[in-house]
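Overview (structure and organization)
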Amino acid sequence: MSAAPSTAALKPSMDGHDSVNLPESSELTSPPTAEIASTGEKRKREDDPEPTPAPEQKQHPLWKTSLCSYFRRSNGLCSHGETCRFAHGESELRIRPDNTWDPTSERSKKIARKEEELSESVKEQETGGDGVMMTEVFAEGENGGSSAAEAELTKCLVNLPMRWTSDNLRSFLREHGIKFKSAKKKKGMMVGFLSFENATQLKSASEELEGKSVGNKTLKVADVIPRAFEKKDRVALPAAQATEQAGKTASVSENADVHESLNISEDGEPMDDNSVPKSADLNSRRVRDVVTPLAHMTYPDQLEHKKTSLMQTLKRLTRNARKACPTGVPLPEWVHKSREIGGLPCKLEGIIESPLVNGYRNKCEFSVGYSLQGKPTVGFLLGNFREGVTAVEEPMDCPNVSRISCRYAAIFQEFLQNSSFPIWNRLNNTGFWRQLTVREGRRPGKSTEVENSELTVSEVMLMVQVCTVGLDDKLVNDELQRLAQAFAAGASAESPSLPLTALVIQDHTGISNAAPADAPLRSLPIPKEDRNMELVDSCDIEGRIHDCISNLRFSISPTAFFQVNTLAAEKLYALAGDWAGLGPDTLLFDICCGTGTIGLTLAHRVGMVVGIEMNASAVSDAERNAKINGVKNCRFICAKAEDVMGSLLKEYLTLSAKHQESSEVEKDEKDIKISEVKLDSAKDAVEPDESSGQQEFRSLENGSAGTESQLCSTSESSTASLQQFKNIVAIVDPPRVGLHPTVTKALRTHPTLRRLVYISCNPDTLVANAIELCTPSTDKTEQGRQKNNRGWRNMSSAGLARHRTKSMPNSEPFKPIKAMAVDLFPHTPHCELVMLLER
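Residues numbered from 1 in each chain as written. Predicted model: local features only at pLDDT ≥ 70, side-chain atom pairs only at ≥ 80, totals over all residues. Heavy atoms only, no water.

The next subject is the overall build of the chain. For the chain, the helix and strand inventory stands at 22 helices and 24 strands. For the chain, the proportion of its 839 residues judged to be buried stands at 47%. As displayed, the chain offers around 42900 Å² of accessible surface, 49% of which is attributable to carbon and sulfur atoms. (Helix = DSSP H or I, 4+ residues; strand = E, 2+ residues; numbered from the N terminus. Buried < 20%, exposed > 50% of the residue type's maximum accessible area, 1.4 Å probe, protein only. Areas by Shrake-Rupley, 256 points an atom, 1.4 Å probe, with all protein chains shown as cover.)

Next comes the structure, spelled out in structure tokens:
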């Protein structure tokens, strides 16, 4: 009698049908009935009149416990048909013998999500987070705020659906029989605010709401951190204007998708541990941890952490390109070779260190709000607005913020203590003071030996963002004059005195502090000490400063983009130029050029630069910078890249294609004309006209030489203007959202563009754009999604890119050649990633 097959021989695999070594037993030679497959129980034999003595048959322990690998790839049945021992869908899938599910199944993913949410909830409880760092409240009446007694009867309700408004919250409370005085909820936030008539209502509601599930979230009742300061007299709005503004902002707040993001990666830092109140300790959150989460690590450890993170991100490019490859089209060679380098699409050659690790930022945007103690503060938000966090703390110990920026923030904060104008309320969208931006300009020269680079700062621009809706112009002007005097006095009081070059006021009425490019700007005159702080005439004042990269001087307007780490930017642009393969016959497209820094620093290495930028002031700066530095082979265009990229490529590539023909024709015509001129000169010399003298002959002779010289010059100029188009290269440096699909399509479908250098401050969007640029295409393009199908809203950026590749015209794809990171943001998880694409 043969021994029973050992279960040790049954080894499930996640990838294919060769995962199970089936034993030679009769019960496995034919598939079980549907009843057995669905119930998982052995066949009942009570109905058989004469049971057979055959051994009892048992179902295979791994029967349909894993999804069919072919089904997972193609979403269809495999060639095994009914005899396949793997499930072809969730309905056929059964639990494993160890009481687990196939990790690729929806059930397993749902269980994992629940476990993750549970662990996060437990973590919050362990840290003792029972409060919400909300230092602002919905206005009650004209004066706003609430009394101390009312504050004790107020609670926050956390983890509400962000799409809910106040009406949704009230309906939810009434459905559950919860009594309340008022309920307010702003769309785009996860937090609602409840107030009650008495302590009995509050206790009953807290017990009922705590732990209740809404969707996939669990509600949490938290305390509201009150404003612990005495109210001061504020500038009173006219009744009609106040009513109009309140109605307008309320309407906007209920219908707009509010997203007040953190000042991460490019802003912020820590505060003194001793200054954190108990309420902040309960939430276990500090500015240092929120804005510079890697500050606790040594710099080499930070670089290693970033490199590991980038490798994981780049692997997604390989996986998504494999998925997006059309059926019947072979996978690109670089996808096959990725297995040799750990799944990466190309080799990640390392990460270039920042010359300055501390105080490297030349631009800081400080939010204006209230601290956890209720004090008017200029600094950084302690969290995300959608999570109900509006508390602001000072950036005193921020490792990435310079001392100059911190001092100006402190000067502005001191001024706000006595200002009669209100601070911006993020809940009601009302107030005056909103944000302070400090921009620093450095003089030429190396500053790597100076750790904080303070000694090289020669110019400083201050831009204060305000909202003047409903306020009297005279009162506003008087207050801004007082502000200018405060900044000038504070700067001169420092030792050494702080540079102050420009003071600009930005008037912005939107919900978020991210103002549009066309927001009104106004330059204020800076008081002079020798005039007893009296303001000087400002008609000729220009709100701009200057900075230097690679020995070039750049003029920067208040809203123009400029890399925040100047010294690291030099390394970034040098790397991009080296990889671009530039030469005298190169036409360089600088897409999203900003103030023209990339194109201008590389202009001496190419024939011509064409920069594209949608910010008008930045384009004006780029043209100004070209004149300042004597660069004449640059052209800058103010437009959205997606609107002009296709036509520009067509224009220049057409000229490039015609270059060979035109140059040969021009050469022949030039030789013919020169020969004719010489022949005529010789003839006149041999047989001069009677009326002409020796002087006329010399003049004709000199004229022939001049004609030859002129023809050569014209030809050389024409050849130079055409030869530069032999090699066409694009360098793209898009914002965090990446390239527009139209730009990606234009770059992809122009075959003469053979090389592309992609500079990304957000590797996730680089992956999404690279999927479209590097995935093979076919002649058969699919139509886009139906108009009423909004499933794309829940798709990742990579998923959307895979979907767009289906409609990409048939064209030769790029392939990733190499990648390199440049650390422009020490102490944060962010860095710039450069990737070279060729075809």
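So, next bit.
Here the focus is the nonpolar core. In terms of nonpolar packing, the biggest core is built from 55 residues, with F589, M645 and L747 touching the most fellow members. The next biggest cluster of nonpolar side chains, apart from the first, holds 48 residues, and it includes L471, A484, L498 and I505. (Core = buried A, V, L, I, M, F, W, Y, C linked by side-chain atoms within 4.5 Å.)

Bridge analysis of strand β8 (residues 347–352) against strand β23 (residues 815–822) gives four bridges, and the strand direction is parallel. Bridging across to β23, I352 finds its partner in V822. In the sheet, β23 pairs with strand β24 (residues 832–838) via seven bridges, with the strands oriented antiparallel. Bridge assignment links M820 to a residue of β24, and that residue is V834. (Pairing = 2+ DSSP bridges.)

Under the criterion given, the structure shown has nine aromatic pairs. Between F366 and F380, the ring centres sit 5.2 Å apart and the planes meet at 40°, which makes this aromatic pair tilted. In this pair, F366 sits in strand β9 (residues 363–370) while F380 sits in strand β10 (residues 376–381), placing the two residues 14 residues apart along the sequence. Just as F366 is buried, F380 falls in that class too. The structure contains a cluster of three or more aromatic residues connected by ring pairs, namely Y408, F412, F415, F421, F432, W433 and F487. The ring of W424 has R434 lying over it, and the distance from NZ or CZ to the ring centre is 3.9 Å. (Phe/Tyr/Trp six-rings, centres within 6.5 Å; stacked < 30°, edge-to-face > 60°. Lys NZ or Arg CZ within 6 Å of the ring centre and 35° of its normal.)

All right, on to the side chain of S206 then. Tracing the sequence through the fold places S206 in helix α6 (residues 199–209). Residue S206 is classed as buried on the basis of its relative accessible area, which comes to 18%. Within the structure, the side chain of S206 is placed 2.8 Å from the backbone oxygen of L202, a separation counted as a polar contact. (Polar contact = N/O pair within 3.5 Å; in protein donor to acceptor, adjacent residues only side chain to side chain.)

Right, let's get into helix α10 (residues 299–324). Here α10 spans 38 Å end to end across 26 residues, near enough to the 38 Å set by a 1.5 Å rise per residue. Burial in α10 covers these residues: Y299, Q302, L303, K306, L310, T313, L314, L317, T318, N320, A321 and A324. For α10, the elements touching its buried residues are α11 (333–337), β8, α21 (763–774), α22 (797–805), β23 and β24. (Expected span 1.5 Å × (residues − 1). Contact = heavy atoms within 4.5 Å.)

What follows concerns the sheet that holds strand β22 (residues 755–760). Taken in spatial order, the eight strands make up an open sheet running β8-β23-β24-β22-β21-β18-β19-β20, and their pairing is mixed. Looking at strand neighbours, the two that pair on one side only are β8 and β20 (634–638), the edges of this open sheet. Shown here is a sheet whose adjacent strand axes are inclined to one another by a mean of 15°, direction ignored. Helix-sheet contacts for α10 involve β8, β23 and β24, and the interaxial angle to β8 is about 150°. (Axes fitted to C-alpha atoms, helices over the stretch in contact; angles between N-to-C directions.)

This paragraph deals with a positive patch on the surface. A surface patch of like charges, here positive, comprises K109, K110, R113, K114, R319 and K323. Broken down by secondary-structure element, the contributors of at least two residues to the positive patch are α3 (106–127) and α10. Looking at which element gives the most residues to the positive patch, the answer is α3, with four residues. Here K109 shows up in helix α3. A relative accessible area of 38% means that K109 is categorised as partly exposed. (Patch = residues over 30% accessible without salt bridge, like charges linked within 9 Å, V, L, I, M, F, W, Y side chains within 5 Å. Salt bridge = Lys/Arg side-chain N within 4 Å of Asp/Glu carboxyl O. Lys, Arg positive; Asp, Glu negative; His and termini not counted. Charge placed at Lys NZ, Arg CZ, Asp CG, Glu CD.)

Bringing unusual backbone geometry into the picture now. Residue P496 is bonded to the preceding S495 through a cis peptide linkage, with omega at -5°. Topologically, P496 is positioned in the loop between α13 (473–493) and β14 (502–507). Even without a glycine there, the phi angle at C592 is positive, about 60°. You can see C592 is positioned in the loop between β18 (586–591) and α15 (597–602). The class of C592 is partly exposed, set by a relative accessible area of 22%.

Attention now moves to the environment of I545. Considering the arrangement of structural elements, one finds I545 in strand β16 (residues 545–549). A residue is classified by how much of its surface remains accessible, and I545, at 0% relative accessible area, is buried. With 86 residues separating them along the chain, I545 and E459 place their C-alpha atoms 6.2 Å apart. In this view, I545 contacts R439, E440, G441, E459, V460, M461, T501, F554, S555 and I556; residues no more than four positions away in its chain are not counted.

Moving on, we get to the sheet that holds strand β12 (residues 433–442). If you trace the seven strands from one edge of the open sheet to the other, you get β11-β10-β9-β12-β13-β14-β15, paired in mixed fashion. Of all the strands in the sheet, the pair left with one neighbour each is β11 (392–393) and β15 (521–524). Strand direction decides the pairing type here: β14 and β15, joined by four bridges, are antiparallel. Residue pairing across strands places L503 opposite L524, the latter belonging to β15. Packed onto the sheet, helix α12 (residues 403–416) meets β9, β10, β12 and β13 (457–466) and runs at close to 150° relative to β12.

Let us look at the confidence of the model for the chain. Regions with low pLDDT carry predicted coordinates that are not meant to be interpreted in detail. Considering every residue of the chain, the mean pLDDT works out to 75; 68% of them sit at 70 or more. Below a pLDDT of 50 lies the segment residues 1–49, which in the model reaches 58 contacts outside its immediate sequence neighbourhood of four places, other chains included. (pLDDT = per-residue confidence, 0-100.)

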